Amino acid sequence: MKQFEANFDGLVGPTHNYAGLSFGNVASKSNANGVSKPKQAALQGLQKMKALADMGMVQGVLAPQERPDIYALRRLGFSGSDANVMQQAYKQAPHIFLASCSASSMWTANAATVSPSGDTADAKIHFTPANLTNKYHRSLEPQVTGNILKATFADPDYFAHHEHLPDNEHFGDEGAANHTRLCQEYGGNGVELFVFGRYAFDESKPAPQKYPARQTYEACEAVARLHGLSENNVVFAQQNPEVIDAGVFHNDVIAVGNQNVLFYHQQAFLNTQKMRTEILQKFGSDDFHFIEVPDTEVSVADAVKTYLFNTQVIRLPNGNMAIIAPKECENNVAVSAYLAKLVTLNTPIKEVHYFDVKQSMQNGGGPACLRLRVAMTEVEKDKVNQHTLINQSSYNGLCKWVNKHYRDELHVADLIDPQLLIESRTALDELTQILHLGSVYRFQN
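In this numbering scheme, every chain counts its residues from 1 along its sequence in written order. Only residues with pLDDT of at least 70 are given local features in this predicted model, and only at 80 or more are side-chain atom pairs given and counted; all residues enter the totals for whole chains, interfaces and linings. Think of the side-chain values as coming from all heavy atoms in the structure, minus any hydrogens and water.

**Thoughts on the pairing of strand E9 (residues 255-258)**
- Using a 1.4 Å probe on the protein chains alone, a residue whose accessible area is under 20% of its type maximum counts as buried, one over 50% counts as exposed, and one in between counts as partly exposed. Strands here mean DSSP runs of E at least two residues long; helices mean DSSP runs of H or I at least four residues long; both are numbered from the N terminus. Residues Ala255 and Gly257 point to one face of E9 and Val256 and Asn258 to the other, with burial holding for every one of them.
- Hairpin geometry of E9 and strand E10 (residues 261-265) is characterised by an intervening segment of two residues between the two adjacent antiparallel strands and by a positive phi of about 50 degrees at Gln259. Note on pairing: two strands pair once DSSP finds at least 2 bridges between them.

Here is the structure:
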């Protein structure tokens, strides 16, 4: 049976902007209040999706969220017409208003945690939307994310959907950005590496001091239970608190894995040797490659600045593994030199492909942030909503849709324009018809 790892990328939303909302994300804060280019951002994302589909990968798309989130603003006491709600919020609580406009759902590595059928007790693919409690603007996403995932992976005989974890910092869950699945074959039994930043119920344990640890050990345990994973399927590893304080807000900013490869920085984990030993014990084969990048070749600062580890590691149809990297990696002397050397080493990674995703990078998300990985079989792929898969026809249609509905530029002050809300809802309503999602947004009901 054919088996593979599909990538489902988030489509950038019409309100893509730089409001600097993410404390602990250096790129997001440093580009606050810049002029964004929503149309360019969406087209850049689609170009990456199409390029991976052309490489022979199974590539899908996930719809963005409705923004501004008028319903959240009404819950906070702003009233009247939609235009009045926006004006009141912008005048009285500008930071709350800007959070309600965030297009952060484009980073679907935070959409959910996914466990393939080869790992789960009921042999279904399991999805748990991330609650994203650490950031208000992202905590608005889980309900609609769940709706979109259910509309994309709808067949209950093959897909199981869970409610997101309790909206509380003790169960802070950031989804696949802190989760990596390692395996010999995508459709077989694997090891799921859950990475956390702190223990919520034990303050005696190490934790970062400057920036928040967004993922808790307790959240990782809960998702593993929900997905019916056995002890032999999971490894829990703590992220190094010092790298969190250096701007590594998710594990996928300092480590990335695929099949029998774990590619990570020397400083990524609190106890690297313990993690390595446990992975090898549970992996079931000696054919495993730990690729540890030393400080002496790439500093943590350069790793964060270029998103070396927020790259995608994919298995190409020719059998090679390839790294999908942002242009920022190519333009950094130390990082480009390391990647040039890496493809000559005795590891499965033999190719590097560079992509321009600058609009995403400036807001703190590289290629890996933009995709949710779903390992599946050919049978399971046939049960996915086929209208969400990228091919030449769907790519052309989505580019036409973006060009029709998206603005070329957005200043932060433009977000108060009531016409932008109307434009966004019109666009999203049309998108749900293109992707055959049904009514996943509240304004459609």
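**Looking at the side chain of Asn310**
- Assignment of secondary structure puts Asn310 in the loop between helix H11 (300-306) and strand E12 (312-315).
- Under the relative-accessibility criterion, Asn310 is labelled buried at 0%.
- In protein, a polar contact means a hydrogen-donor-capable atom and an acceptor-capable atom, both N or O and within 3.5 Å, with residues adjacent in sequence counting only if both atoms are side-chain atoms; elsewhere, any N or O pair within 3.5 Å suffices. Polar side-chain contacts of Asn310 include one of 3.2 Å to the backbone nitrogen of Cys369.

**Brief notes about the sheet that holds strand E15 (residues 371-377)**
- Spatially, E2-E1-E15 is the arrangement adopted by the three strands of the open sheet, whose pairing is mixed. For this open sheet the edge positions go to strand E2 (59-62) and E15, each flanked by a neighbour on one side alone. Adjacent strand axes in the sheet meet at a mean angle of 30 degrees when their direction is disregarded. All axes are obtained by fitting lines to C-alpha atoms, using only the stretch in contact for helices, and the reported angles, taken between N-to-C directions, cover 0 to 180 degrees.

**Concerning unusual backbone geometry**
- A cis amide bond, omega 0 degrees, links Arg67 with the succeeding residue Pro68.
- Its place among the elements puts Pro68 in the loop between E2 and helix H3 (70-75).
- Phi is positive for Ala123, which is not a glycine, with a value near 60 degrees.
- Its place among the elements puts Ala123 in the loop between strand E3 (112-115) and strand E4 (125-129).

**Describing the side chain of His164**
- Within the element layout of this structure, His164 appears in the loop between strand E5 (159-161) and strand E6 (179-183).
- Overall, His164 belongs to the buried group, its relative accessible area being 15%.
- Contact criterion: two residues are considered in contact whenever any of their non-hydrogen atoms come within 4.5 Å of each other. The contact partners of His164, leaving out residues within four places of it in the chain, are Thr128, Pro129, Ala130, Asn131, Pro142 and Gln143.

**Some thoughts on the sheet that holds E6**
- Pairing in this open sheet of three strands is mixed, and the strands run E6-E7-E8 from one edge to the other. Either end of the sheet is taken by a strand with one partner, and the two such strands are E6 and strand E8 (234-238). Strand after strand, the sheet turns through a mean of 25 degrees between neighbouring axes, direction not considered.
- In the sheet, strand E7 (residues 190-196) pairs with E8 via five bridges, with the strands oriented parallel. Each residue of the ladder has a partner; that of Phe194, found in E8, is Phe236.
- Where helix H8 (residues 217-226) meets the sheet, it contacts E7 and E8, and its direction lies at approximately 155 degrees from that of E7.

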